[in-house]
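Single-letter residue listing:
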Amino acid sequence: MPDEPKGGLARRDFMIASFATVGASVALAAGSKEVNAQETSAPPADASSGTTYTGEVIQGKKVVSALDVNDLEPGQKHFLYFQGVQMPTGQFWYVSVMVAKGAKPGKRCVLTSGVHGDEMSSIHTVQTVMNQLDPAEMSGTVMAVTDVSRPALESMQRRWPNQGRGIDLVDMNRVWPGNENDITAPSRHAGLLFNRLLRPNADFAIDFHTGTTGFEVAAFNIAEMDVPEIKAMADLYPVGQIFNNPTYPSVLHNAFNAAGIPSFCPEIGAARHLDLEMIALFVEGTTNVLKHHGIIAGPMGRTGKDVTVFVGNSAFPILATEGGIVEHLVKLNDKVEAGQKVAIQRNSFGEVVAEYTSGVTGEVTGQRSDVMSEPGNPLVFILFNQQGPDDAETYPE
Ligand SMILES: [Zn+2]
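Note that the structure is a prediction, hence the values are computed from the model and not measured. (Residues numbered from 1 in each chain as written. Predicted model: local features only at pLDDT ≥ 70, side-chain atom pairs only at ≥ 80, totals over all residues. Heavy atoms only, no water.)

Visitor: Sorry, what's going on with the overall build of the chain here?
Guide: On a plain count of helices and strands, the chain comes out with 7 helices and 24 strands. Counting only residues that meet the buried cut, the chain has 51% of its 397 residues in that class. Within the chain, contacts between residues separated by at least 24 positions form 66% of all contacts whose residues are at least 6 apart in sequence. Just so you have it, the chain exposes about 17,300 Å², and 53% of that area is on carbon and sulfur atoms. (Helix = DSSP H or I, 4+ residues; strand = E, 2+ residues; numbered from the N terminus. Buried < 20%, exposed > 50% of the residue type's maximum accessible area, 1.4 Å probe, protein only. Contact = heavy atoms within 4.5 Å. Areas by Shrake-Rupley, 256 points an atom, 1.4 Å probe, with all protein chains shown as cover.)

Visitor: Help me understand the side chain of Thr125, please; the structure alone is not making it clear to me.
Guide: Secondary-structure assignment places Thr125 in helix H2 (residues 120-132). Looking at Thr125, the relative accessible area reads 0%, which means it is buried. From its side chain, Thr125 meets the backbone oxygen of Ser121 in a polar contact 2.7 Å long. Look past the residues within four positions of Thr125 in its chain and what remains in contact with it is Phe208, Ile268, Ile279, Phe282 and Val283. (Polar contact = N/O pair within 3.5 Å; in protein donor to acceptor, adjacent residues only side chain to side chain.)

Visitor: Please clarify how the sheet that holds strand E20 (residues 341-346) should be interpreted in this entry.
Guide: What links the strands of a sheet is backbone hydrogen bonding, and the strands pair in either a parallel or an antiparallel sense. Spatial ordering of the open sheet is given by E21-E20-E18-E23, a layout of 4 strands whose pairing is antiparallel. Here the strands that pair on one side only, and so sit at the sheet edges, are strand E21 (352-357) and strand E23 (372-373). The pairing of strand E18 (residues 324-328) with E23 spans 2 bridges and is classified as antiparallel. The partner of Ile325 across the bridge, within E23, is Met372. (Pairing = 2+ DSSP bridges.)

Visitor: Hey, could you run me through helix H4 (residues 185-198) in this one?
Guide: Residues lying three or four places apart along an α-helix face the same way, a consequence of the helix completing one turn every 3.6 residues. Of all 14 residues in H4, 11 are buried, a share of seventy percent or more. The complete set of buried residues in H4 reads Pro186, Ser187, His189, Ala190, Gly191, Leu192, Leu193, Phe194, Asn195, Leu197 and Leu198.

Visitor: For this particular structure, what's the right way to read the coordination of the zinc ion?
Guide: By definition of the ideal shapes, a tetrahedral metal site with four donors has angles of 109.5 degrees and an octahedral site with six donors has angles of 90 or 180 degrees. At this site the zinc ion is bound by His116 (ND1), Glu119 (OE), Glu119 (OE) and His209 (ND1), with donor distances of 2.0 to 2.4 Å. Mapped onto the sequence, the residues coordinating the zinc ion show the spacing H-x2-E-x89-H. Note on accessibility: His116 and Glu119 belong to one class, buried. (Donors = N, O, S within 2.8 Å, 3.2 Å for Na, K, Ca; no water.)

Visitor: For this particular structure, what's the right way to read the pairing of E21?
Guide: Of the strand pairs in this sheet, E20 and E21 are connected by 5 bridges, and their pairing is antiparallel. Looking across to E21, one finds that Ala343 is bridged to Tyr356. As consecutive antiparallel partners, E20 and E21 are separated by 5 residues, and within that stretch Gly350 has a phi angle of approximately 85°, a positive value.

Visitor: Is there a simple way to explain the sheet that holds strand E14 (residues 241-243) in this structure?
Guide: Strand order in the open sheet formed by 11 strands is E3-E4-E5-E6-E8-E7-E11-E15-E13-E14-E16, with mixed pairing between adjacent strands. The open sheet has two edge strands, strand E3 (52-58) and strand E16 (310-312), and neither has a second partner. The mean inter-strand angle of the sheet, taken between neighbouring strand axes irrespective of direction, is 25°. Pairing of E3 with strand E4 (residues 61-66), which is carried by 4 bridges, proceeds in the antiparallel orientation. (Axes fitted to C-alpha atoms, helices over the stretch in contact; angles between N-to-C directions.)

Visitor: What am I meant to see in the pattern of salt bridges here?
Guide: Think of it this way: side chains of opposite charge can pair up when their charged atoms draw near. Considering all chains together, one arrives at 10 salt bridges under this definition. Arg158 serves as the salt-bridge partner of Glu119, at 4.0 Å between the closest nitrogen and oxygen. Residue Glu119 is located in the loop between strand E7 (104-112) and H2, and its partner Arg158 is located in the loop between helix H3 (150-154) and strand E9 (160-162); the two are separated by 39 residues in the primary sequence. With respect to burial, Glu119 and Arg158 carry one shared label: buried. (Salt bridge = Lys/Arg side-chain N within 4 Å of Asp/Glu carboxyl O.)

Visitor: Just to check I follow, could you spell out the packing of aromatic side chains for this structure?
Guide: Aromatic rings in a pair are described by how distant their centres are and how their planes are angled relative to each other. Scanning the model with the defined rule gives 9 aromatic pairs in all. Relative to Phe256, the ring of Phe194 lies with its centre 5.4 Å away and its plane at 55°, an arrangement referred to as tilted. Here Phe256 lies in helix H6 (residues 252-258) and Phe194 lies in helix H4, a separation of 62 residues in the sequence. Each of the two residues, Phe194 as well as Phe256, counts as buried. An aromatic cluster of at least three residues, connected via ring pairs, comprises Tyr81, Phe92 and Tyr94. The ring centre of Tyr53 lies 5.7 Å from the NZ or CZ of Lys62, which sits over that ring. (Phe/Tyr/Trp six-rings, centres within 6.5 Å; stacked < 30°, edge-to-face > 60°. Lys NZ or Arg CZ within 6 Å of the ring centre and 35° of its normal.)

Visitor: Explanation requested: the nonpolar core in the structure shown.
Guide: Considering soluble globular proteins, one finds that nonpolar side chains tend to be buried as a cluster. In terms of nonpolar packing, the biggest core is built from 34 residues, with Leu111, Met130, Leu133, Val142, Tyr237, Leu290 and Ile295 touching the most fellow members. The set of elements that each furnish at least two residues to this core consists of strand E6 (92-101), E7, H2, strand E8 (139-145), strand E11 (204-207), helix H5 (228-234), strand E15 (263-268) and helix H7 (276-292). The leading source of residues in this core is H7, at 6 residues. Beyond its immediate stretch of four places on either side in the chain, Val142 contacts Met98, Val99, Ala100, Cys109, Leu111, Met130, Leu133, Leu290 and Ile295. Listed in part, the 33 residues of the second largest apolar core include Val69, Val148, Trp160 and Ile261. (Core = buried A, V, L, I, M, F, W, Y, C linked by side-chain atoms within 4.5 Å.)

Visitor: Explain H7 here, please?
Guide: Relative to the 24 Å expected for 17 residues at 1.5 Å per residue, H7 spans 24 Å between its end C-alpha atoms, a close match to the ideal helical length. Burial in H7 covers these residues: Met278, Ile279, Phe282, Val283, Glu284, Gly285, Thr286, Thr287, Asn288, Val289 and Leu290. Phi for Gly294, located one or two positions after H7, is positive at around 80°. (Expected span 1.5 Å × (residues − 1).)

Visitor: Would you explain unusual backbone geometry in this entry?
Guide: Residue Pro177 follows Trp176 across a cis peptide bond; omega there is 10°. With respect to the helices, strands and loops of the structure, Pro177 is situated in the loop between strand E10 (168-170) and H4. Here the phi dihedral of Met156 falls at roughly 50°; this positive angle occurs in a residue that is not glycine. Along the chain, Met156 turns up in the loop between H3 and E9. The phi dihedral of Thr247 is positive, around 50°, even though this residue is not glycine.

In structure tokens:
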């Protein structure tokens with residue numbers, strides 16, 4: 001959710017890239033593989049043309065290290081584990097893969113959630129869509145992975161606890177498309193998933209998120225509305241806001257877009273709990289998208305035409321200037337004017353130490369839900385339309 005400035009991110013990526021070039025070809029003990037840290041992240045040429053079963057079965061589910069949904073029996077649902085990166089113990093981080101393979105051929109959809117480990121409503125949305133599918137009636141395939149960042153999910157926290165130099169919390173939505181030979185396990189995990197599971201099976205893809213722990217968001221889609229294929233899908237959701245912004249290149253939905261696979265990112269309320277009312281809106285929208293692509297039949301449900309949708313291209317962050325207890329004066333989805341007071345903050349004596357006003361006219365799209373705040377924390381994001389180039393440094397995700 002609230003995040004570091006784009007400039008800081010770029011500098012960090014540059015530092016990592018520089019470090020990676022120091023790595024040399026390392027010859028290891030007999031029986032091990034020679035590893036070249038400078039190998040590219042390019043997948044094997046046959047990554048999209050085959051399924052590799054490891055021969056293992058976990059809790060009744062077969063394990064794959066590469067998947068082509070064309071190899072699966074039509075007219076059925078399939079439940080598999082995909083073998084991700086290794087843990088320090090030498091075991092693997094497996095992720096759960098559901099495939100609804102239609103009886104008839106058609107487009108292939110990929111749904112993902114759990115890139116951040118505290119975003120529960122996104123997982124429930126994907127599971128609900130999958131549970132409603134009847135492969136016997138489908139033309140095409142829907143594949144879902146609900147637990148992309150397994151280590152983060154195990155403790156229901158946003159970031160992956162990487163073991164590189166002591167525990168380092170890695171935001172897995174800043175590493176896509178990953179690199180199977182990178183210097184961190186999360187990037188390798190992303191590379192394995194993207195090259196051998198997600199990209200080869202997607203004609204279009206949707207990566208579901210929510211706000212993050214301590215900061216809740218309204219129901220909205222992050223979608224590049226000047227791309228017709230993406231706009232056509234985002235318009236099919238009966239939710240009140242669209243954030244029309246390209247956002248960071250290293251998020252999963254942009255890795256799909258860079259690979260020529262139209263993709264966008266729904267945001268479903270607060271982290272850590274299930275918002276069943278909001279989930280229903282995104283299930284309806286996603287079902288509409290599957291109908292739009294001919295994978296399932298039937299009349300459209302409610303779409304963006306049935307609600308009032310506010311489309312903004314920028315998110316204005318209001319940052320805490322003091323420490324203290326924050327009291328919001330507006331709610332999610334409220335319209336606010338430039339100069340309107342949106343929050344106050346009190347110290348431990350109950351004295352008002354800060355009053356916060358919006359710098360723009362727009363709609364409230366995110367609010368800090370943890371009441372205590374340090375200086376610097378985003379307290380409110382206002383979705384608005386910026387004229388000219390986008391210099392917003394943060395956005396809700
Ligand atoms: Zn997220």
